[in-house]
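An overview of the molecular structure
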There are 2 protein chains.
Amino acid sequence: MTQPKSRNIFWHEGGIKKEDRERLNGHKGVCLWFTGLSGSGKSTIAHETEKILYERGVHTYVLDGDNIRHGLNRDLGFSPEDRTENIRRIGEVAKLFVDAGLVVMTAFISPYRRDRDRVRELLEDGRFVEIYVEADLETCEERDPKGLYKKARAGEIKEFTGISAPYEPPESPELVINTSRETDARKNAMRVVRFLEEHGYLSAGGPNSPG
Amino acid sequence: MTQPKSRNIFWHEGGIKKEDRERLNGHKGVCLWFTGLSGSGKSTIAHETEKILYERGVHTYVLDGDNIRHGLNRDLGFSPEDRTENIRRIGEVAKLFVDAGLVVMTAFISPYRRDRDRVRELLEDGRFVEIYVEADLETCEERDPKGLYKKARAGEIKEFTGISAPYEPPESPELVINTSRETDARKNAMRVVRFLEEHGYLSAGGPNSPG
């Protein structure tokens, strides 16, 4: 399990398993689930984290609105039922990426606690890392990078999280990043990377293995 | 583009792109779409191909009934509409895996030509490789590894491809593997690997790049 990357790569009977792919990659497969209000900085931190991990040779992928809402979930809207189905499918796709041995990051508001907990249950223990990207509504509304809060206040967008739809913060996330207090995306991303290091995700096996 | 694996890994402005991930992986991202009757050998060849590629350090993943029908597509049945939605979602997930820089293999009957062609259109040119796993119905019915043909003949399964639902063979697949003629899975998988080699998929760039 501690063999160097791309050496002594033999698969077990029955085909290639997650553990084999982790050995090839030199790190664990894990889902980093970023949750928080629109404008809190989920996507920015995820992509910044990806850059740092890439420089270290870690295999990553970011699922976000850009590649999911226009693709897999193009048939879904923003009703509570559709939001739930949206998160269910993203969770199932994240599970496949974890099985493929990647560090997959998801950057969606994912406002309902129950939906996020279902994804946690879907994944093996230690493979779901919930990261609460915290920022007060005023901060998010000031940033308003896509002008969505303005539209929501004008009533042009219905059921907008924080304005006309609820956001349920995580009760015991693995990590909390408050972007009202610390606005530097690289510093925030470094906290994610350090979490991964300290919990053994950045090696294929060993004593700190999350299992 | 010809830098060795895991060296000189720098990302471009704007974040990590498919090309960056391909440089890290040392090969292209591509979808190998296996199609054919139940029992034709799609899944067997896909997993055999995965073993050979794994030994060469290629990053792969197989999407098949085991990880899709009980997960992402658990809400779908076998009506023509649900089969279409099944393939649409698998196509969208395959697209994400290709973007992540992996060789993703899909092993589904995928009986409708139109559904497969839509997946081809979804992916960039050269990123969709259709592999027709051909076997006559008698051969598949003799093999009947899951006893499904028997159930279909007894009327216990409705709309079973080849018996009570149509199969539309590809008109111009990139590769045809006839498993009635050649039953050795490893030999058949080697044909897939040779195809990938000859068309430049197993290096991150260069003159044979499929773009």
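A brief structural summary. (Residues numbered from 1 in each chain as written. Chains lettered and ligands numbered in written order. Predicted model: local features only at pLDDT ≥ 70, side-chain atom pairs only at ≥ 80, totals over all residues. Heavy atoms only, no water.)

Details of the sheet that holds strand β5 (residues 175–178) of chain A
Residues and elements named next belong to chain A. Taken in spatial order, the 5 strands make up an open sheet running β2-β3-β1-β4-β5, and their pairing is parallel. The strands lining the two open edges of the sheet, one partner per strand, are β2 (60–64) and β5. The average angle at which neighbouring strand axes cross in this sheet is 20 degrees, direction not considered. Here 5 bridges tie β2 to strand β3 (residues 103–107), and the two strands are oriented parallel to one another. Pairing of Leu63 across the sheet is with Thr106, part of β3. Strand contacts of helix α2 (residues 42–55): β1 (30–35), β2, β3, β4 (128–134) and β5, with the helix running at about 170 degrees to β2, the strand carrying the most contacts. Those strands touched by helix α4 (residues 80–99) are β1, β2 and β3, and its axis lies near 150 degrees from that of β1. (Pairing = 2+ DSSP bridges. Helix = DSSP H or I, 4+ residues; strand = E, 2+ residues; numbered from the N terminus. Axes fitted to C-alpha atoms, helices over the stretch in contact; angles between N-to-C directions. Contact = heavy atoms within 4.5 Å.)

Quick word on the interface of chain B and chain A
A common way to express how large an interface is: the accessible area buried when the components associate. Between chain B and chain A, the contact holds 38 residues from the first and 38 residues from the second. Contact between chain B and chain A buries roughly 3,300 Å² in total, counting both sides, with carbon and sulfur atoms accounting for 65%. Linking chain B to chain A there are 4 salt bridges. The partner of Arg88 of chain A in a salt bridge is Asp75 of chain B, and the shortest N-O contact between them spans 3.4 Å. Linking chain B with chain A are 15 residue pairs in polar contact (both at pLDDT 80 or more), by the criterion used here. Secondary structure elements with two or more residues in the side of chain B that touches chain A: α1 (18–25), α2 (42–55), β2 (60–64), α3 (65–72) and α4 (80–99) of chain B. If one sorts the elements of the side of chain B that touches chain A by residue count, α4 of chain B sits on top with 8 residues. A per-class count over the side of chain B that touches chain A returns 16 nonpolar, 8 polar and 14 charged. (Buried area = accessible area lost by both parts, 1.4 Å probe. Salt bridge = Lys/Arg side-chain N within 4 Å of Asp/Glu carboxyl O. Polar contact = N/O pair within 3.5 Å; in protein donor to acceptor, adjacent residues only side chain to side chain. Nonpolar A, V, L, I, M, F, W, Y, C, P; charged D, E, K, R; others polar.)

Focus on the pairing of strand β3 (residues 103–107) of chain B
Residues and elements named next belong to chain B. Burial analysis of β3 places 5 of its 5 residues in the buried class, the great majority of the element. Alternating positions in β3 separate into two faces, Val103, Met105 and Ala107 on one and Val104 and Thr106 on the other, with burial throughout. Pairing of strand β1 (residues 30–35) with β3, which is carried by 5 bridges, proceeds in the parallel orientation. Residue pairing across strands places Leu32 opposite Met105, the latter belonging to β3. (Buried < 20%, exposed > 50% of the residue type's maximum accessible area, 1.4 Å probe, protein only.)

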